[in-house]
Each structure stands twice: as C-alpha cells, then as structure tokens.
Amino acid sequence: MDCEIGETLFGWKITSPEGEFQSFALTTEEKTHCISLLSKYFSLPASSKSTPADLLKWKCESTLSPISQQSFDKIIATCVALLNSVGPVDVLLGQDAEEVFLSIGKARIFISGKGWIETPLEINTAEFLFHVVNKLAKQCGRRITRENPILNAFLPNGNRIHAVCPPLAPNLQVSIRKFRQMPFSLTELADSNILTSKAAEFLREAVSTSSIIVAGNTGSGKTTTLNALLSLLPKNDRFVFVEDVTELTLPSHEHKARLLAENVSLSSLIYESLRMRPDRLVVSEVRNEPEVKAFANALLSGGGKTCYSTFHAQTATECLRRLELLGFRKTDLDSIGLIVVQKRFDDKNGKETRKVTEIARVKNGEPVVLFRYNEKKDCLMPSLKTRNVYLPRFP
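Parameters at a glance
Residues numbered from 1 in each chain as written. Predicted model: local features only at pLDDT ≥ 70, side-chain atom pairs only at ≥ 80, totals over all residues. Heavy atoms only, no water. Helix = DSSP H or I, 4+ residues; strand = E, 2+ residues; numbered from the N terminus. Buried < 20%, exposed > 50% of the residue type's maximum accessible area, 1.4 Å probe, protein only. Contact = heavy atoms within 4.5 Å. Areas by Shrake-Rupley, 256 points an atom, 1.4 Å probe, with all protein chains shown as cover. Lys, Arg positive; Asp, Glu negative; His and termini not counted. Charge placed at Lys NZ, Arg CZ, Asp CG, Glu CD. Core = buried A, V, L, I, M, F, W, Y, C linked by side-chain atoms within 4.5 Å. Axes fitted to C-alpha atoms, helices over the stretch in contact; angles between N-to-C directions. Parallel < 35°, antiparallel > 145°, perpendicular 65-115°, else oblique. Left-handed = near helix turned anticlockwise from the far one by under 90°. Pairing = 2+ DSSP bridges. Expected span 1.5 Å × (residues − 1). Polar contact = N/O pair within 3.5 Å; in protein donor to acceptor, adjacent residues only side chain to side chain.

(A) Summary view of the overall build of the protein. In terms of helices and strands, the protein carries 12 helices and 16 strands. Dimensions of the protein, computed from the C-alpha atoms along their principal axes, are close to 80 × 50 × 40 Å. Every one of the 395 residues in the protein was classed for burial, and the buried ones make up 48%. Within the protein, contacts between residues at least 6 apart in sequence are counted, and of these 55% link residues at least 24 apart. Carbon and sulfur atoms make up 50% of the accessible area of the protein, which totals about 19100 Å². Each charge class in the protein was averaged separately, 50 positive and 44 negative side chains, and the resulting centres sit 6 Å apart.

What follows is the structure, given as structure tokens:
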C-alpha cells in the first residue's frame, strides 16, 4: 500500500523551494513519514476518519523516529493538503495566472504579458497526474480514463479543465484555464490598451442594436471581449446561451437560460433556442458548417433582437470568406451588424499582447472597416467617421 500511495500522492517533487512551495519541499525522510502516515489513515475504518486533523493524533502515536517540530508541521500540512485537495497543484491554482499546464515534467503557468513560466513543481508519475485530474473533475461528476480519454468540463469555481490521455496522447496532458467571476468591462479593456476609449464608446452604443461576431485566433481573448459586450445589455432582456462548455458569464443578469451541447450537436441546440423566446441569443463559438448555417438561420429569423458569437479568423475579410465557405450565403452576410477582430501576437519587443485590430460593419457581403490597428502608433485608429455609420436598429 505504501508503494501505491507513493506513486499516486507523491509522484512529484519541488525542485526549488520558494514562496508557497516551501511547505511542500520534503526531504526523503519527510516524504517517507508522510507515506507511512497516510497508509495508516487509509487503513482505518471509515468511521475513524472524522477529519484530517485526526492525523495529528495518529502521527503522535506512531513509532516513527523523533523529528523536529518544523518537519512535523510540514508533514502534517502536506498530508492534510493532499487529503483535502490536490497538494502542491493548489499553489499553482492559487497564483495570478490565466492558465496552468500539467504533464510529466515541469508544471507551467501562463501569465498575461509574461507568457509561459516554468514552476518549481515537477510531476514524475502518471498516477499522481490522473489522481489530480480526477479529484478535480469529481466536483462536476466527471472522470478521465483510457476508455474515456477526453475531459472537458467547468469546475464549480468557474475554472475550465481540459485533459487528454492515452491512447490519444503519449501521456496525460492537462490544461486548467482560470476565469474571473466578474467579466471585464469595456473600460477595463480600454485601460489595458486592448482597444481605445473611442472604440469602446462606439461598441457601447452599438452592442444593443447590432448582432456581433468576435473573431480572432486562439487565446486572443474573444470570449473576454464578448463577455464585456454582453454585460452592457439591458438586464431585463431574456438571454439564451448555447455552449459546448460553460464559458460565458453574466452574473448581473438573472433572466437567462443555458443550453449545453453534451449529448447533442451545438447546431441542433441553436435551432431549439429559437423556441425559447430569446431577446439575445449567444452562441459561444461557431466552427463548422452545421453550426454556421444554424447561426445564420438565427440571425435571419428575427426571433430575437440580436445574436452574438465568436469565430476563428484573423481579419474581418477572412471572417466573411470563411463563413461563406461554411455555408453562410453572401446575400445574407449583412445580417451581421459588426465584426470585432481581436488578435494575440508578439509586439516589436517580443512581448505577447492582445489587441482589437479591426472593427467592421458588413455592407453587401463585404467588410467596411471602421477601426483598424496601427502598429506604428500601437493604437486602434478610426478609419471612418463613426458617427455617420448606419447600424441596424430594432424596435
């Protein structure tokens, strides 16, 4: 049993004891004590395991060699952390990072403006990694196994966990993406230089009357920008969200319904949503022909005031051409009020950045760019006098 506990709970080490990782930097002797202590804990009847604090009693009654108070405290803290949660991985989840990546080897975190950073946590066994993933996924009733090798779920705290294991990958690959409880506002995005205050003001006026697609590359912040736009809509409107996994948050709006495409296609849910009398239909992302056709039908049906979604494209022109290839008729493209393009790229100093690079309306199936990013000025510049731009209005 000691061997099994060692592989499952202690298949990791701290290579550089710094910050919060110090409490998990165990010596070989301390690790042996932890394994022995947990072995005793798991061998006791369930009725004896009232709280992890009981470990203190069992440790005191053990026949292990005398240890210092500092080691004693570290052993107890580590055991309790592994019983209550996921031990040193909790340190990563508590840091100010957008994403945590776990696999065999060094764990890494992604911090905006700094990119991927190697952490002191090194994972050595697949058993520990599977234990971490399934302990987290248990909170939402999910599990990953070789028979069910893909996990994509949202945890109760709002974080999204995605994992793939053999036979689809050489070893278990885990990404945990962290989301804010409250969405960013357009003002905050402007303060972060993602767009200008003038562009933010334009979008603030347009969002309630225009159907909008937020396009961009992977990790560019499409969902963040869409959330910021949705938060400006009237609180008494009825929202229907159609998603693969829960990404869009609108905590200040109570009149909303959410459809998740777990055992049915996203496209079929888009059609179903039109029977739910939405004022605002929000589709997390359209990616293939059935989804694009269903979203086009929603735009043209007039069942709601406006529709919103995200899409993978790097310019407004590319967005429209890709939509056409996926079944959106060119004659119907004008039903899209605005296209907001956001990109993730390295600036001239090699620093990763996110910017809104275009805001365009659609006229005769072609984009009319209203704002375009100027690389030299590092600014989203107006291309037209936006006050003269016609945007579709709804009663």
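(B) Layout of the nonpolar core. Phe10, Leu102, Leu121, Ile161 and Val174 are the most contacted members of the largest nonpolar core, which has 49 residues in total. In terms of residue count, helix H4 (residues 69-84) provides more of this core than any other element does, seven residues in total. Ignoring anything within four residues of it in the chain, the contact list for isoleucine 161 reads Val133, Leu136, Leu151, Asn152, Ala153, Leu155, Val174, Ser175 and Ile176. If you look at the next biggest cluster of nonpolar residues, it comprises 35 residues, including Val242, Phe311, Ala316 and Leu323.

(C) Looking closely at the packing of helix H2 (residues 28-43) against H4. In contact at an axis separation of 10 Å, H2 and H4 are set at 50 degrees when each is read in the N-to-C sense. Looking at the two axes, H2 sits oblique to H4. For the pair H2 and H4, the crossing hand works out as right-handed. Within the contact between the two elements, H2 uses Glu30, His33, Cys34, Leu37, Leu38, Tyr41 and Phe42 and H4 uses Ser71, Lys74, Ile75, Ile76, Thr78, Cys79 and Leu83.

(D) Structural context of the pairing of strand E3 (residues 105-111). The buried count for E3 comes to five of seven residues, which makes it a mostly enclosed element. Summarising the sheet, strand E2 (residues 99-102) and E3 pair through three bridges and their orientation is antiparallel. Bridging from a neighbouring strand, phenylalanine 101 pairs with arginine 108 of E3. As consecutive antiparallel partners, E2 and E3 are separated by two residues. Bridge count for E3 against strand E4 (residues 115-123) is six bridges, and the pairing is antiparallel. The partner of glycine 105 across the bridge, within E4, is isoleucine 123. Hairpin connection of E3 to E4: three residues between the antiparallel strands, including glycine 113 at a positive phi of 90 degrees.

(E) Spatial organisation of unusual backbone geometry. Cis geometry is adopted by the peptide bond preceding proline 167, which originates at proline 166 and carries an omega value of 10 degrees. Relative to the elements of secondary structure, proline 167 occurs in the loop between strand E6 (160-164) and strand E7 (173-177). Despite not being glycine, asparagine 193 has its phi angle at roughly 65 degrees, a positive value. Tracing the backbone through its elements, the reader meets asparagine 193 in the loop between helix H7 (186-191) and helix H8 (197-206). Looking at asparagine 193, the relative accessible area reads 33%, which means it is partly exposed. Of note, the phi angle at arginine 277 is positive, near 50 degrees, even though the residue is not glycine. Following the sequence through the fold, arginine 277 ends up in the loop between helix H10 (266-273) and strand E11 (280-283).

(F) Expanded view of the sheet that holds E7. If you trace the seven strands from one edge of the open sheet to the other, you get E1-E4-E3-E2-E7-E6-E5, paired in antiparallel fashion. At either end of the open sheet lies a strand with only one pairing partner, and these are strand E1 (12-14) and strand E5 (150-154). Averaged over all adjacent pairs, the angle separating strand axes in this sheet is 25 degrees, with direction ignored. Sheet analysis places E1 next to E4, joined by three bridges and oriented antiparallel.

(G) Just helix H11 (residues 289-301), in detail. Helix length check: H11, at 13 residues, gives a terminal C-alpha distance of 18 Å against a target of 18 Å (1.5 Å per residue), a fit within 8%. Among all positions in H11, only Glu291, Val292, Ala294, Phe295, Ala296, Ala298 and Leu299 are buried. In this fold, the buried residues of H11 make contact with strand E8 (212-216), H10, E11, strand E12 (306-312) and helix H12 (316-325). Put simply, asparagine 288 is the residue that caps the front of H11, since its side-chain oxygen is 3.1 Å from the backbone nitrogen of glutamate 291. With its phi angle positive at about 70 degrees, glycine 302 sits one or two positions after the end of H11.

(H) Main features of the pairing of E12. Of all the seven residues making up E12, six are buried; the element is thus mostly covered by neighbouring parts of the structure. The pairing of E11 with E12 spans four bridges and is parallel. Each residue of the ladder has a partner; that of arginine 280, found in E12, is threonine 306.

(I) View of the environment of glutamate 262. If you trace the backbone, glutamate 262 turns up in the loop between strand E10 (256-260) and H10. Under the relative-accessibility criterion, glutamate 262 is labelled exposed at 54%. For the pair formed by glutamate 262 and valine 245, sequence separation is 17 residues and the distance between their alpha carbons is 8.1 Å.

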